[in-house]
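Okay, here's what each chain looks like letter by letter:
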Amino acid sequence: MDLPIVVGVDGSESSLRAVDWAADEAALRGAPLRLVYASLWERYEGAALAQGLGEPSEQVMVEDIVRTAARRAHLRRTGLGITTAVLPEEPEYALVREGHEAAALVLGSRGRSGLAEMLLGSVSLAVAARASCPVIVLRGSQVTHDNQVRAGKHGRVVVGVGEKATDSAALRFAVQEAKLRDATLDAVRAWRCPAYESTDHPLLAGEPARLHERNAAEILEQALKGAPEDVDLRRRTIEGPARRVLPDASREAELLVVGARRNPGHLGLQLGRVAHAVLHHATCPVAVVPELV
């Protein structure tokens, strides 16, 4: 059985846009879609208390949110297999667990408690830092006037290539996404010339930079050695820190893919500075792909 695309819903506009994106992704893959609402509302509100106050129970609201999300996904992609789940748990823990049996998790950039659209919600950040499957967080403004996610218009997937890029899960995921979309794959390797190697002498100027750029090109070539020939692949070495280079590259992409190293023995957040930066500053959806060390 194909693993589903799992999307977290909470009734916010951000999560409804995530439903659109997840429905499109599931249709591209020929995979089922699973809608998950997770909250600890049962711990704080009993049905009897809600009725006593003459107010609708949170349960009623939750069921309406899930039904609305399912109807939205069905209207967007008729024929898609859709399942739903309402879980009385902390959303970050529930979604991470759902990710154990998912092809990918799709999340909005913020939930109902978000302060501003530009800020990344704590749930999205926590799930991206812990999940065992790729986590796709919707960033940017790919939204029409009726709050629908529009189809990608750039025809480009960008993947950041790290220092240890051999057998990269992020690169494999990016190749798959580019093929699904019939898009160009931009493999980007950022490089920097350390300050202590620079010189103002006119005869030596540029030598350290050329050395580091050449090294970046070699790392990129090694990483792409096994790339399939049927992918339209573009190699790019760009000077600057990756946490600035990749968000800049996202302006002309419909998906930005980065890896996040995972140590199975470590229980805390495992995201890395680059992934953290692009999740906050990218202008297109970001896929964080776990890389086991």
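Higher on the page you've got the structure.
Treat the numbers as computed from the prediction; the structure is a model and nothing was measured.

Novice: What am I meant to see in a positive patch on the surface here?
Specialist: Taken together, R192, R243, R244 and R273 make up a surface patch of like positive charges. Inspection of the secondary structure puts R192 in the loop between β7 (184-191) and α8 (207-223).

Novice: Got a minute to help me understand the environment of P285 in this structure?
Specialist: Mapped onto the elements, P285 comes out in the loop between α10 (273-281) and β10 (286-292). C-alpha separation for the pair P285 and V137, spaced 148 residues apart in sequence, amounts to 5.6 Å.

Novice: Before we go on, may I ask you to explain the pairing of strand β4 (residues 104-107) in this structure?
Specialist: Two faces belong to every sheet, and in a regular strand the side chains alternate between them. Because side chains alternate across β4, one face comprises the buried residues A104 and V106, and the other comprises L105 and L107, equally buried. With three bridges connecting them, strand β1 (residues 5-8) and β4 associate as parallel partners. Bridging across to β4, V6 finds its partner in L105. Inspection of the sheet shows β4 paired to strand β5 (residues 135-137) by three bridges, in the parallel sense. Each bridged residue has a counterpart across the sheet, and for L105 the counterpart in β5 is V135.

Novice: Would you take a moment to explain the sheet that holds strand β3 (residues 82-87) for this structure?
Specialist: Pairing between the strands of a sheet is mediated by backbone hydrogen bonds and can be parallel or antiparallel. Taking strand neighbours across the sheet as the criterion, the ten strands line up as β3-β2-β1-β4-β5-β10-β9-β6-β7-β8 in an open arrangement whose pairing is mixed. Across the chains shown, the open sheet's two edge strands, defined by having one partner strand only, are β3 and β8 (233-239). On average, adjacent strands in this sheet sit at an angle of 25° to one another, irrespective of strand direction. Pairing analysis gives seven bridges linking β7 to β8, with the strands arranged parallel. Bridging from a neighbouring strand, A187 pairs with R235 of β8.

Rules and cut-offs
- Residues numbered from 1 in each chain as written.
- Predicted model: local features only at pLDDT ≥ 70, side-chain atom pairs only at ≥ 80, totals over all residues.
- Heavy atoms only, no water.
- Patch = residues over 30% accessible without salt bridge, like charges linked within 9 Å, V, L, I, M, F, W, Y side chains within 5 Å.
- Areas by Shrake-Rupley, 256 points an atom, 1.4 Å probe, with all protein chains shown as cover.
- Salt bridge = Lys/Arg side-chain N within 4 Å of Asp/Glu carboxyl O.
- Lys, Arg positive; Asp, Glu negative; His and termini not counted.
- Charge placed at Lys NZ, Arg CZ, Asp CG, Glu CD.
- Helix = DSSP H or I, 4+ residues; strand = E, 2+ residues; numbered from the N terminus.
- Buried < 20%, exposed > 50% of the residue type's maximum accessible area, 1.4 Å probe, protein only.
- Pairing = 2+ DSSP bridges.
- Axes fitted to C-alpha atoms, helices over the stretch in contact; angles between N-to-C directions.

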